[in-house]
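Here are the chains, one letter per residue:
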Amino acid sequence: MDIALLLLRIVFGLTFAAHGTQKLFGWFGGHGLKGTAGFFESLGLKPGHTMALMAGLGELVGGLLITIGLLTEVGAVLMIVPMLIAIFKVHGKNGYWATDGGYEYNLAIITVAVALVLAGPGAYSLDALLLG
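Right, let's walk through the structure included here. (Residues numbered from 1 in each chain as written. Predicted model: local features only at pLDDT ≥ 70, side-chain atom pairs only at ≥ 80, totals over all residues. Heavy atoms only, no water.)

To continue, consider unusual backbone geometry. The omega angle of the peptide bond from Lys46 to Pro47 is -5 degrees, so this bond is cis rather than trans. Secondary-structure assignment places Pro47 in the loop between α2 (32–42) and α3 (48–68). Even without being a glycine, Phe28 presents a positive backbone phi close to 55 degrees. Here Phe28 is to be found in the loop between α1 (2–25) and α2. Although it is not a glycine, Leu71 adopts a positive phi angle of roughly 50 degrees. (Helix = DSSP H or I, 4+ residues; strand = E, 2+ residues; numbered from the N terminus.)

This part is about the side chain of Arg9. In this structure, Arg9 sits in helix α1. The buried charged residue Arg9 lacks any salt bridge, with Asp2 as its nearest oppositely charged partner at 7.4 Å. (Buried < 20%, exposed > 50% of the residue type's maximum accessible area, 1.4 Å probe, protein only. Lys, Arg positive; Asp, Glu negative; His and termini not counted. Salt bridge = Lys/Arg side-chain N within 4 Å of Asp/Glu carboxyl O.)

Another aspect to go through is α2. Among the residues making up α2, those that are buried are Gly32, Leu33, Thr36, Ala37 and Phe40. Along α2, the residues classed as buried sweep out an arc of 155 degrees about the axis, all on the same side. Structural note: α2 exposes Lys34 and Ser42 on the side pointing more than 90 degrees away from its buried face. Packed against the buried residues of α2 are α1 and α3. Downstream of α2 by a residue or two, Gly44 has a phi angle that is positive, lying close to 90 degrees. (Arc of directions from axis to C-beta. Contact = heavy atoms within 4.5 Å.)

Looking now at the pattern of salt bridges. Think of it this way: side chains of opposite charge can pair up when their charged atoms draw near. Per the stated rule, a full pass over the model turns up one salt bridge. Linking Lys23 and Glu59 is a salt bridge whose minimum nitrogen-to-oxygen distance equals 3.0 Å. With Lys23 in helix α1 and Glu59 in helix α3, the pair connects residues that are 36 residues apart, well separated along the chain. Of the two residues, Lys23 and Glu59, both sit in the buried class.

Quantified by volume, the largest pocket comes out at close to 820 Å³. Around the largest pocket, the lining is made up of 34 residues, and of these Lys23, Phe40, Glu59, Met83 and Ala86 lie nearest the centre. With 10 residues, helix α4 (residues 72–91) is the single largest residue contributor to the lining of the largest pocket. Residues belonging to the lining of the largest pocket are distributed by class as follows: 19 nonpolar, 12 polar and three charged. (1 Å grid on protein atoms, 1.4 Å probe; cavity = no way out; pocket = protein on both sides within 12 Å on 5 of 7 lines; lining within 4 Å. Points joined across faces, edges and corners; volume = space filled by probe spheres on them. Nonpolar A, V, L, I, M, F, W, Y, C, P; charged D, E, K, R; others polar.)

The next thing to look at is the environment of Asn106. Along the chain, the position of Asn106 falls in helix α5 (residues 104–119). Among residues more than four places away in sequence, those in contact with Asn106 are Met83, Ala86, Ile87 and His91.

Another aspect to go through is the packing of aromatic side chains. Aromatic ring pairs are defined here through the distance separating the ring centres and the angle between the ring planes. This structure, assessed with the given rule, holds five aromatic pairs. Arranged with centres 6.4 Å apart and planes meeting at 85 degrees, the rings of Trp27 and Phe28 form a pair that is edge-to-face. What makes Trp27 partly exposed here is its relative accessible area of 48%. Pairing Phe39 with Phe40 gives two aromatic rings, centres 6.2 Å apart and planes at 50 degrees, and the pair type is tilted. Overall, Phe39 belongs to the partly exposed group, its relative accessible area being 42%. For Phe40, a relative accessible area of 10% corresponds to the buried category. Clustering of aromatic rings is evident, with ring pairs tying together Phe25, Trp27 and Phe28. (Phe/Tyr/Trp six-rings, centres within 6.5 Å; stacked < 30°, edge-to-face > 60°.)

This is the structure we're talking about:
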């Protein structure tokens with residue numbers, strides 16, 4: 001079980017952190033802070049720059065916390081909040097399937113984050129090391 005949680009945390013956490021770098025730095029085909037801010041403004045999320053910075057930092061920090069298994073609950077919240085906003089502001093109106101612009105991917109992220117909080121990060125985590 002602990003190896004399974006470690007694998008899940010590494011893949012899930014690093015993927016989510018990479019999404020944060022797309023927003024912040026334009027890495028991995030992202031639009032960077034300026035492009036993300038413009039998109040957020042078009043959604044009515046104002047000020048766009050501040051909202052993009054918060055989303056990008058939340059995704060980056062949340063993903064890294066999940067990856068190393070430190071403050072797992074905080075990392076999960078930093079993942080869940082932007083996904084809820086994405087569902088309510090962008091994807092919810094498009095139905096479930098991601099192929100139609102729906103919230104499928106966002107719900108999957110939320111579900112994994114909640115499951116990690118409920119199961120705990122496992123023995124191979126900083127939470128286990130620091131909290132015993």
